[in-house]
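Read off the chains here:
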Amino acid sequence: MRANGLGVGIALAALATVVWSGSFVTSRALADSVPPVQHAFWRWIVAIAAVAPFAARRAWRQRALLRRHPRFLLAASLLGVTVYNTLVNQAGVTTTAGNMGMIMAASPVLMAVYERLGGVRLGARRVVGMLVACAGVLLLVSGGSLAMDLAVGDLWVIGAAVAFGSYSALLRRGPAEISGLPFLFATFVLGALMLLPVYVVSLAVQGGFEPTAATVSPLLYVGVVSSAVAFFAWNRAISLIGAGRAGVVYYLQPVCVALLSFALLGEGMGWLRVVCMGLILGGVVLGSTARKCVRPAGTLTP
């Protein structure tokens, strides 16, 4: 892999990771005012509206190509759109934004496992970097005691991490002829359609939410920035550097969440968090700058 492609891929993965860190804050902030399924549904409606001016026409031109890969599109839509963010929103009801960000950092392990099963050689530096970053995450989650005390919401996040790791690995094996924007638009539409029946049930059982500045503004953020921008950046990063290496960069997420919690919520930093951040950042640098990268044939194009 050429150095410029590596650099762009790492930068795009970092951009998506930083943006998604804010999503955990919004999930927690909206937990008491917007039911989780309705939060997810309107997120994707906003995302579809944001992407449509740039992607709808291209998706229509590629409609015959998209119809030739229904299983891939349905699987990607289910994992990345319908399931992943809905579980994160559900987790926000009973756990903190910090816990969500830190537990989600487990998904890169699954990405690396999928890549290895797919025949990609991870390399010693990437494995060591992943282990160092993972150690930092574990220390951060456990508070230095390595004794896990998981809430119900934490279990929802574990499910979300599995869905996101599987989605990221699936992208790497996707048809190379499907370009990025039409793929993004198609998965957003399909994912929202799969959420629609659950959304209707949520409306009937829980009622709707009041559209105020406190609810609409976060939904606009997660719909436009965390969905349209971040998913495009992440998908493009995977096409350039692979899910395994992008997953190493994803370890930055607990660092970003911790910094946001410190800046916006006034949570203490402490020496342990600083040490853990150092481990995570060191592991990301080591693992994401490994020299060799084997690129499978099936890769989404921009």
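Nothing here was measured: the structure is a model prediction, and the numbers come from that model. (Residues numbered from 1 in each chain as written. Predicted model: local features only at pLDDT ≥ 70, side-chain atom pairs only at ≥ 80, totals over all residues. Heavy atoms only, no water.)

A. Up close: the overall build of the chain. Assigned secondary structure in the chain consists of 12 helices and zero strands. Going from the N terminus to the C terminus, the chain shows its helices and strands as α-α-α-α-α-α-α-α-α-α-α-α. Among the 302 residues that make up the chain, the fraction classed as buried is 52%. About 13000 Å² of surface is accessible on the chain, with carbon and sulfur atoms providing 70% of the total. (Helix = DSSP H or I, 4+ residues; strand = E, 2+ residues; numbered from the N terminus. Buried < 20%, exposed > 50% of the residue type's maximum accessible area, 1.4 Å probe, protein only. Areas by Shrake-Rupley, 256 points an atom, 1.4 Å probe, with all protein chains shown as cover.)

B. Focus on a nonpolar patch on the surface. A cluster of nonpolar side chains, V109, V113, Y114 and L117, forms an exposed patch at the surface whose accessible area comes to about 360 Å². Inspection of the secondary structure puts V109 in helix α6 (residues 107-117). Taking the relative accessible area as the measure of exposure, V109 reaches 31% and is therefore partly exposed. (Patch = residues over 30% accessible without salt bridge, like charges linked within 9 Å, V, L, I, M, F, W, Y side chains within 5 Å. Salt bridge = Lys/Arg side-chain N within 4 Å of Asp/Glu carboxyl O.)

C. Layout of the side chain of S202. Following the sequence through the fold, S202 ends up in helix α9 (residues 180-206). If sequence neighbours within four positions are ignored, S202 has contacts with P35, V37, Q38 and G207. (Contact = heavy atoms within 4.5 Å.)

D. Representation of the nonpolar core in the model. Counting 62 residues, the largest nonpolar core has F24, Y84, M104, F164, F188 and W234 as the members making the most contacts within it. Apart from the residues lying within four places of it in its own chain, the contact partners of Y84 are F24, L79, M104, A160, A163, F164, F231 and Y250. Listed in part, the nine residues of the second largest apolar core include A105, L122, M130 and V255. (Core = buried A, V, L, I, M, F, W, Y, C linked by side-chain atoms within 4.5 Å.)

E. Quick look at the environment of R28. By secondary structure assignment, the location of R28 is in helix α1 (residues 3-29). Taking the relative accessible area as the measure of exposure, R28 reaches 36% and is therefore partly exposed. Linking R28 and N89, residues 61 residues apart in sequence, is a C-alpha distance of 7.4 Å.

F. A look at the packing of α6 against helix α10 (residues 213-250). Running from N to C, α6 and α10 cross one another at 115 degrees; their axes reach a closest spacing of 7 Å. α10 is crossed by α6, and the crossing has left-handed handedness. For the pair formed by α6 and α10, the contact residues are S107, P108, M111 and E115 on the first element and W234, G242, A243, G244, G247, V248 and Y250 on the second. Of the residues belonging to the contact of α6 with α10, the class tally is six nonpolar, four polar and one charged. (Axes fitted to C-alpha atoms, helices over the stretch in contact; angles between N-to-C directions. Left-handed = near helix turned anticlockwise from the far one by under 90°. Nonpolar A, V, L, I, M, F, W, Y, C, P; charged D, E, K, R; others polar.)

G. Fine view of the packing of aromatic side chains. Enumeration over the complete set of coordinates arrives at 14 aromatic pairs. Ring plane angle 75 degrees and centroid distance 5.5 Å describe the contact between W44 and F231, whose orientation is recorded as edge-to-face. With W44 in helix α2 (residues 36-61) and F231 in helix α10, the pair connects residues that are 187 residues apart, well separated along the chain. Centroid distance F72 to F183: 5.6 Å. Interplanar angle 25 degrees. Geometry classified as stacked. In this pair, F72 sits in helix α4 (residues 70-91) while F183 sits in helix α9, placing the two residues 111 residues apart along the sequence. Note on accessibility: F72 and F183 belong to one class, buried. An aromatic cluster is present here, built from W20, W44, Y84, F164, Y167, F188, F231 and W234 joined pairwise through their rings. It is R43 that lies over the ring of W44; its NZ or CZ is 5.0 Å from the centre. The ring centre of W60 lies 4.0 Å from the NZ or CZ of R63, which sits over that ring. (Phe/Tyr/Trp six-rings, centres within 6.5 Å; stacked < 30°, edge-to-face > 60°. Lys NZ or Arg CZ within 6 Å of the ring centre and 35° of its normal.)

H. Region of the structure containing α4. Look at α4: 30 Å from first C-alpha to last across 22 residues, which is about the 32 Å you get at 1.5 Å a residue. At L78, α4 shows its maximal kink, close to 35 degrees. (Expected span 1.5 Å × (residues − 1). Bend = angle between axes of the 7 residues up to and from the residue.)

I. Local environment of the side chain of N235. Its place among the elements puts N235 in helix α10. For N235, a relative accessible area of 8% puts it in the buried group. At 3.1 Å, the side chain of N235 and the side chain of Y167 are in polar contact. Excluding anything up to four places from it in sequence, N235 contacts Y167, L171, F183 and L184. (Polar contact = N/O pair within 3.5 Å; in protein donor to acceptor, adjacent residues only side chain to side chain.)

J. Quick peek at the packing of α2 against α9. Orientation of α2 relative to α9, taken along the N-to-C sense of each, is 150 degrees, at an axis distance of 8 Å. Judged by the angle between their axes, α2 and α9 are roughly antiparallel. For the element pair α2 and α9, the recorded crossing hand is left-handed. Partitioned by chemical class, the residues of the contact of α2 with α9 number 25 nonpolar, two polar and one charged. (Parallel < 35°, antiparallel > 145°, perpendicular 65-115°, else oblique.)

K. Structural context of the environment of L74. Structurally, L74 can be placed in helix α4. A residue is classified by how much of its surface remains accessible, and L74, at 42% relative accessible area, is partly exposed. Between the C-alpha atom of L74 and that of G191, which follows or precedes it by 117 residues, the distance is 8.0 Å. Every residue in contact with L74, bar those within four places of it in the chain, is listed here: L190 and M194.

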